[in-house]
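Residue-level structure breakdown
Single-letter residue listing:
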Amino acid sequence: MCGIAGVVGKSNDDVVKKVIERLEKLEYRGYDSAGVAVVSNGQIERLRAVGKLRNLKAKLEQNPLSGSVGIGHTRWATHGKPTENNAHPIVSENLAIVHNGIIENYKELKFELQKDGFIFETETDTEVIAHLLQREINRGLSSRKSFENVLKVIEGSYAIAAIFSSLPNTIIAARQKSPLAVGFGDNMCVGSDVSSILPCSEVVYLEDGEYVEITEDNALFFNKNFQQVKPKKQKISIDLENTDKGEYSHYMLKEIMEQSSTIRKTILHNKIDKNIFEGVSRILILACGTSHHAGMVAKYWFEKFLKIPTDVEIASEYRYRSPIIGENVLAIAITQSGETIDTLEATEYVRRYNNSKVVAIANVKNSAISRISDVTFYTEAGIEIGVASTKAFTAQLTILAELAFHNYDFLTREFQNLPTLCEETLDLQNEIKDLAKRICSASSAIYLGRGSLYPIAMEGALKLKEISYIHAEGFAAGEMKHGPIALIDDDTPVICLCPHNELFEKTSSNIQVALARGKNVIIFTDSDGSKFLPPETTKIVLPKIPEEFAPILYVIPLQLLAYYAASLRGTDVDKPRNLAKSVTVE
Ligand code: M6R
């Protein structure tokens, strides 16, 4: 996480303004603090502020900075509290750096630097990089040689950009497991993603171990052996999508309401190659968070319709437990950002030890996952700005459903109606807004579902907890009696997913059991189901849908419920506390 941006200015450029504009695109990566540093008349100057970028901007209005080259940072704190003192850029005597990632051997390095007389002013792991660089410079080495020597000793993950008081037109930057893009355009620049180097026309994505020296009109690239290499420049071809909130009060609501169209686009754009599962005897899904929930749904679908055993792994756990990968495995990595380090590392692990074929399902085009996968299916959800994933999730499910049902013509035909059913479900918006009043003051909520709606119960709970801060858990409805039932009382909303499907009787018995212990039972069902459910429960009636597609439809009211509950509680829905959209640290 953390966003980094750097711009080499040309005469009369307002470098600080350009850095801030780029940081605005990167705030999704963290918003614990923000800062900017420049080289100005042979000096490093910097300004930092706790919290969102707007706080830094307000400070800059009072204390303007100007310079010939600048770097900036928006932080998601790992080491050290989100204070101004720990905010980046971090300065050592004659230089400043910004960093995204974690320096794993920082304690040893800090000890060594302290012995050499360096005084540490922050609690960050990053400060060792600044002082290591300064130590090399003090030894009389050039900035580039100093940088190389530092890269030799730091371990962990990093994207770093550094400026030096002696170099008014230079940024030196490096990457190891954290993304970094170098932009060629009116200004040479670096950024954590391609949106943060716009309006550049060409980009070079640094590879692991590479570093770059960027000057006013040029950039020299070096590989991990520090030999100069020819960069692989690519034309930037991202759609400058409409990133306006429009009529909506939050991006999250806009993104929820877009879902019938994003599902439609995803269906249209992806044609499944029927040979993809040929010879596959096992499917291995790797993902985190909401994407992991999409994988859990896919397990139900793949085993039922493809008849291929499927395992779904939490990517952060996978490679640390000596997994048995097996033969003829198809790995599927699911990730909205395409950047989640846990998912990337788990995928690399499978590649390294098994040479399995890897299919990625990603939303962000050209993201890192596509570079380590054989095939990438892109969800056509468009840019997702709200930190809580909504439209990307239903688009992931859409692709997974297409993979699962591609041999079943009747399902494929029915699938075409899904966007219309989503529209009808979104029309329940006002009913759900009212319902949110019933849960917004709860301290805890329980979500129940069976079969492929069990992961949707988990997803509903995740949405509620991440944006409203109400503690919520999703359980398999049949599992409730094995422990979670102890949590139910009159004040605990029990939110059940109970369409009239083949598990209806079982789920409605679980609902009776919950109702015997609490009175706030809310059920999402369909017209047939509502006839048979207890009258003293609150029922929201969704359109009738083939059982197979229910997960895609039933998550939508849960997203709305979480959204309205969080809005009533007045939280920062699009940027909930402690979270970041793209999780690039382990
Ligand atoms: O970009 P990814 O899909 O790999 O991200 C995985 C999770 O970090 C993400 O889904 C997270 O759980 C979201 N905050 C959920 O809303």
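As a reminder, the structure under discussion sits directly above these lines.
These remarks concern the structure in this document. All of these numbers come straight from a predicted model, not from anything done at the bench. (Residues numbered from 1 in each chain as written. Predicted model: local features only at pLDDT ≥ 70, side-chain atom pairs only at ≥ 80, totals over all residues. Heavy atoms only, no water.)

This next bit is on helix α2 (residues 53-62). Among the residues making up α2, those that are buried are Leu 53, Leu 56 and Leu 60. Across the axial projection of α2, the buried residues extend over an arc of 55 degrees, all falling on one side. Exposed positions of α2 whose direction lies more than 90 degrees from the buried face are Arg 54, Glu 61 and Gln 62. Considering only its buried residues, α2 is in contact with α1 (15-26), β2 (33-40) and β3 (43-50). (Buried < 20%, exposed > 50% of the residue type's maximum accessible area, 1.4 Å probe, protein only. Helix = DSSP H or I, 4+ residues; strand = E, 2+ residues; numbered from the N terminus. Arc of directions from axis to C-beta. Contact = heavy atoms within 4.5 Å.)

It is at 8 Å that the axes of helix α7 (residues 259-269) and helix α14 (residues 418-426) come closest, and there the two elements cross at 170 degrees. Between α7 and α14, the crossing angle belongs to the class labelled roughly antiparallel. Each of Ser 260, Ile 263, Arg 264 and Ile 267 in α7 lies in contact with α14, whose residues at this interface are Leu 418, Pro 419, Thr 420, Cys 422, Glu 423 and Leu 426. For the contact of α7 with α14, the class distribution of residues is 6 nonpolar, 2 polar and 2 charged. (Axes fitted to C-alpha atoms, helices over the stretch in contact; angles between N-to-C directions. Parallel < 35°, antiparallel > 145°, perpendicular 65-115°, else oblique. Nonpolar A, V, L, I, M, F, W, Y, C, P; charged D, E, K, R; others polar.)

What follows is about the sheet that holds strand β19 (residues 357-362). Ordered in space as β17-β16-β18-β19-β20, the 5 strands form an open sheet in which the pairing is parallel. Unpaired on one side and paired on the other, β17 (310-314) and β20 (375-378) mark the two borders of the sheet. Adjacent strand axes in the sheet meet at a mean angle of 20 degrees, parallel and antiparallel pairs treated alike. Here 4 bridges tie β19 to β20, and the two strands are oriented parallel to one another. Paired with Ala 360 across the bridge in β20 is Thr 376. Set on the sheet, helix α8 (residues 289-306) makes contact with β16 (282-287), β17 and β18 (329-335); between it and β17 the angle comes to about 170 degrees. (Pairing = 2+ DSSP bridges.)

Now for the pairing of β2. In terms of burial, β2 is largely enclosed, as 8 of its 8 residues are buried. Residues Ser 33, Gly 35, Ala 37 and Val 39 point to one face of β2 and Ala 34, Val 36, Val 38 and Ser 40 to the other, with burial holding for every one of them. In the sheet, β2 pairs with β3 via 8 bridges, with the strands oriented antiparallel. If you follow Val 36 over to β3, its bridge partner there is Leu 47. Linkage of β2 to β3, two consecutive antiparallel strands, is achieved through a turn of 2 residues, within which Asn 41 is found at a positive phi near 50 degrees. Relative to strand β4 (residues 69-75), β2 runs antiparallel, the two being bridged by 7 bridges. The residue of β4 that forms the bridge with Ser 33 is Arg 75.

The quantities given are spatial measurements derived from coordinates; they are silent on function.
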